[in-house]
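Examination of the molecular architecture
Chain by chain, the residues:
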Amino acid sequence: MAEEFLVAKELHKSFNEHKAVDGVSFTIHKGENFGLLGPNGAGKTTTIRMLSTVLKPDSGDVTVAGHSVKHDSDAVRDIIGFCPQELALYEELSALDNMVFFGRMVGLDGKEAKAQAMKHLEMMGLANRAKGKIAKFSGGMKRRINLAIALMGDPELLFLDEPTVGIDPQSRNNIYETIEGLQAKGMTILYTTHYMEEANRLCDRVAIIDGGKIIALDTPHNLKSQIGPPDKVTLEDVFLKLTGRSLRD
Amino acid sequence: MKRLTHIWFIALKDLKLFATDRGALFFFILFPFLFITLFTFMDIGATEDTRLQLHMVSQEAEGGLSYQIIDALESAGDWEIIVMDYDEAYQAVEDKEISGFVAFPADFTEGIMTGAGTELEVVTDAEATSRRAALYGLSQTIASRVGAQYVIANATIELLIEQGIIAPDDSAAIEQVIQPILAGQGGGEAFIEYRTEKVGEVEEESASNWVIPGYLVMFVFFGAAVGAETIVRERQNHTLERLLASSVRQEAILGGIFTGTAAKGLIQILLFWVVGILAFNLDLGPSPAAGIILSILTVIMSAAFAVMLATLVKTQRSAGSIAVLASLVLAPLGGCWWPLFILPQWMQALAKITPHGWATTGFNKLMLFGADFGAVVPEMLALVGFAVLFSAIAVWRFRTSAVE
Ligand SMILES: Nc1ncnc2c1ncn2[C@@H]1O[C@H](COP(=O)(O)OP(=O)(O)OP(=O)(O)O)[C@@H](O)[C@H]1O
Ligand SMILES: [Mg+2]
C-alpha cells in the first residue's frame, strides 16, 4: 500500500445545533484519487473546508504529510491546492490576472506565475482568452478557470469540490481530461461530487457520505459488487440500497 | 518579506479592482469635490442658524476705523456680528450669557494712522477655551489685515510724495488718497477684503479652511466605510476562502485588505490637499507636517473601521447601509458640516466619542487658530486609539467571519 498522505480522524462540525459533519474518518494515499460522494447537504463541502484549513473542526484532526491542520496549518497550506465549489474569481479582472494573482499568493514569483498561468490556460483550452475579463466568460469557462487556479504552484494534494457542477459537456470533458492528466502525473486528489458516474470514472476509492457520516468506503468496483454484478449496477443503486433514498433528491 | 509581498499584491489587486469600478471612482473622487465646490461657493456651510456669532465692542468715537472693520466683517457673511458696549459685554461674559468678545481700544484709529500700533482686547469666559481660540484667531486676522491696509496706504502716499504729486504737509490731499484705500472704494469691495492678497504676508481667510478639512474627514471615512462592501464581496465571492487555503498567512490577508483600503484613502487626501491648496487657497497653518499626519491618521482610522465593519456584517448590502448610516451620523456629530466650536458645550462633548470630532478639532486648531504641532498631539493620539480599537475587533472577528 502506498504512503498515507492525508489522515482524517473523527471530524465533527456543527452549525448551531445542526451536525453538518458527524465523525468522519478516512485516509488518502499518495497518488490516489479519493472520491467523496453524497447528496446535497451531506457535508462534503464542510469536510473539504476542514481538510483545507479554511474551517476549524469542533473536534477531531486531520494530518497532511504529517502536519496537523490544527497545530501546523501553515505547513498544510503550503502543500495543498483548493478549488472551492463556488466560483472563486475576481470577475472584473482578466483570466490571466486572476491566475497570476493567486499564483503569487502561493509563493510564485512574477515570471513563474505567468508561465504557469499560461501553461494551465493552454491545458484548459483557454489560452486565447487569457486577457479576457472573467465577467464575459461562460459558466463552463469560469469553471475551468476556477480549477486552473487551484493548480497554480503545482500542489501535492488537490481538493476539488464539485468542479463540474452545472456545466456544458465540452467543459466537463475538458475538466475530466485535465484531472486524468494530473492523476497520470501522480498527483493526489480529493474529489467531491454528487454525480455517481463521475466518481465511477475518476476515483480509485469512493466514500459515500450522507447526513455528515460516511456510510460506505471502498473502490467503486467493490461497492457495486456488494449488491450485484459490478457491470450491471451503478453507484446510484448502491446509494439507494444503503439509504433507501435516491442520490439526486 | 514574503508576507510583505503578499500584502502588497493583495492591496494592488484591490486597487486594480477599484480602478475598474467607475461608480466607486465617482464616489471616491468626483463626488467629494462637487460637494466642496458647492458648499464653498454657495456658502451653504454658513446658513443663519449655524453662523458663528461674534460679539464686538468699539470704544472709539463713531466714524473710527474699527466701525469700518466691523461693517466689513458683517458683510463678509461668515459670521453674525453683534455690537455691544464694553461694560454691557463684560457683564454678559461674567454672567455667562456670552462666552467672549473682541474690543477695539479708544485710540485704535490713531494707533494705526500714526503707525504707533494698537492692541485688540479679547475678553472671554475662562472655561470657553475653544471660543477664546476663535476670537483670538479673529483678532489676529483683523490685526494682520489692518496692518496690510496701513502698509498699502503708507506706500501709496510715500510714492505720491516722492513723485511730487502731493506735498508732504498737504493733509487734505493725503486724506483724499487714504480714504478710498481704507474704505476699499476702488472696486466697491468691503474694506477688509481690499487687496489684501497682494501683500505678501497677509493671507486671505477663507471658508474652505474649515469646509475642506471637514469634508476630507467625512469623505475619507465615507469612502473607506463603503469600501467594506468590497471586503464583504471578497468573502461572498469565495475568493477569501481561496486565499485562506493558500500559503498566504492570515495576517497578510488582513494586512493586504487594510492596505488596499488605506491606499484609496491616501489617494483621496492627496487630491484633497492638492486641489484645496491650488483651487481654494487652503492654508495648512504653521505646521503642515501636523496637518499631513492628521490626514494620514484619519485614513488609517477609516480603513480600520472598514475592515472591522466587514467582519461584523453578513451581507454586502448591510455593509453598504451601515457604512452610509455611520458616515452620515458621525459626520455632523464630529463637526464635519459645521465647526464644533460654535456648538453648545454638550454637543462638543458628544463629538469626543466620534473619531471625526477629534480629526476636525485637530484641523480647526491648525488651520483656523494657527496652532502648532504640539497642540494637536492629543487629537493624533485619539485617532491612533480609534484605529487600534477597530483593528483589534477586526482581527478578533476575521477568521470566524471568513466563511459563509
Ligand atoms: N456556514 C454554515 N452555516 C450554517 N450551516 C451550514 C454552513 N455550512 C454548511 N451548513 C449546513 O451543513 C450541512 C452540510 O453542508 P455542506 O455544504 O457541507 O454539504 P454538501 O455536501 O457540500 O452539499 P452540496 O452538494 O449542496 O454542496 C447542510 O445542512 C448545510 O446547510
Ligand atoms: Mg458542497
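Report on the accompanying structure. In this numbering scheme, every chain counts its residues from 1 along its sequence in written order. In the order they appear in the text, chains get letters beginning with A and ligands get numbers beginning with 1. Thresholds applied to this predicted model are a pLDDT of at least 70 for local features of residues and 80 or more for the giving and counting of side-chain atom pairs; totals over whole chains, interfaces and linings are not thresholded and use all residues. No hydrogens and no water enter the side-chain calculation; it runs on all heavy atoms of the structure.

A few words now on the overall build of chain B. From N to C terminus, chain B includes 15 helices and four strands. In chain B, buried positions account for 53% of the 404 residues. Pairs at least 24 apart in sequence give 75% of the contacts found in chain B among residues at least 6 apart. In this description, accessible areas are obtained by the Shrake-Rupley approach with a 1.4 Å probe, and a residue is regarded as covered only by the protein chains that are shown. On chain B, roughly 18200 Å² of surface is accessible, and the fraction owed to carbon and sulfur atoms is 62%. Strands are runs of DSSP state E lasting at least 2 residues, helices are runs of H or I lasting at least 4, and numbering of each runs from the N terminus. Each residue is assigned to one of three classes by its accessible area relative to the maximum for its type, calculated with a 1.4 Å probe on protein chains only: buried under 20%, partly exposed between the two thresholds, exposed over 50%. Should any heavy atoms of two residues lie within 4.5 Å, those residues are counted as being in contact.

Residues and elements named next belong to chain B. Orientation is described by lines fitted to C-alpha atoms, with helices fitted over the stretch in contact, and by angles between N-to-C directions that extend from 0 to 180 degrees. The interhelical angle for the contact between helix α11 (residues 288-312) and helix α14 (residues 355-367), taken along N-to-C directions, is 170°, at an axis separation of 10 Å. Between α11 and α14, the angle falls in the class roughly antiparallel. Along its contact with α11, which presents A290, G291, L294, S295, T298 and M301, the element α14 presents P355, A359, G362, F363 and L366. Of the residues belonging to the contact of α11 with α14, the class tally is seven nonpolar, four polar and no charged. Reported orientations rely on four angle classes, namely roughly parallel under 35 degrees, roughly antiparallel over 145, roughly perpendicular from 65 to 115, and oblique for the rest. Residues are grouped as follows: Ala, Val, Leu, Ile, Met, Phe, Trp, Tyr, Cys and Pro are nonpolar; Asp, Glu, Lys and Arg are charged; all remaining types, including Gly, are polar.

Further remarks concern the sheet that holds strand β6 (residues 80-83) of chain A. All names here are of chain A. With mixed pairing, the six strands of this open sheet are ordered in space as β6-β7-β8-β3-β9-β10. Where the open sheet ends on each side, the last strands, each with one partner, are β6 and β10 (213-218). Across the sheet, the axes of successive neighbouring strands diverge by a mean angle of 15°, strand direction being ignored. Two strands are counted as paired when DSSP detects at least two bridges linking them. Pairing of β6 with strand β7 (residues 157-161) involves four bridges; the strand directions are parallel. Bridge pairing in β7 links I80 to L157. Sitting on the sheet, helix α5 (residues 139-150) touches β6 and β7, and the angle it makes with β6 is about 165°. Relative to strand β9 (residues 205-210), helix α9 (residues 235-243) is tilted by about 40°, and along the sheet it contacts β3 (33-37), β9 and β10.

A few words on the interface of chain B and chain A. The interface of chain B with chain A comprises 23 residues on the first partner and 30 residues on the second. Both sides together, the interface formed by chain B and chain A hides about 2600 Å², and carbon and sulfur atoms give 60% of it. Salt bridges, as used here, are contacts in which a Lys or Arg side-chain nitrogen is within 4 Å of a carboxyl oxygen on Asp or Glu. At the boundary of chain B and chain A, one finds four salt bridges. As a salt-bridge pair, D97 of chain A and K16 of chain B come within 3.5 Å of each other at their nearest N and O atoms. Nitrogen and oxygen atoms within 3.5 Å of one another constitute a polar contact, given that in protein one can donate a hydrogen and the other can accept it, and given that sequence-neighbouring residues count only through two side-chain atoms. For the pair chain B and chain A, the interface holds 10 residue pairs in polar contact (both at pLDDT 80 or more). Looking at the side of chain B that touches chain A, the elements with two or more residues in it are α1 (2-19) and α9 (239-244) of chain B. The leading source of residues in the side of chain B that touches chain A is α1 of chain B, at six residues. Of the residues that constitute the side of chain B that touches chain A, the class distribution is eight nonpolar, seven polar and eight charged. Put simply, buried area is how much 1.4 Å-probe accessible surface two parts lose in total, over both of them, once they are put together.

What follows covers α14 of chain B. Residues and elements named next belong to chain B. For a helix, the expected span equals 1.5 Å multiplied by the residue count minus one. Here α14 is 13 residues long and its end C-alpha atoms lie 18 Å apart, about the 18 Å a rise of 1.5 Å per residue gives. With respect to burial, α14 is a largely interior element, 12 of its 13 residues being buried. Every buried residue belonging to α14 is among P355, H356, G357, W358, A359, T360, T361, G362, F363, N364, L366 and M367, and all of these are buried.

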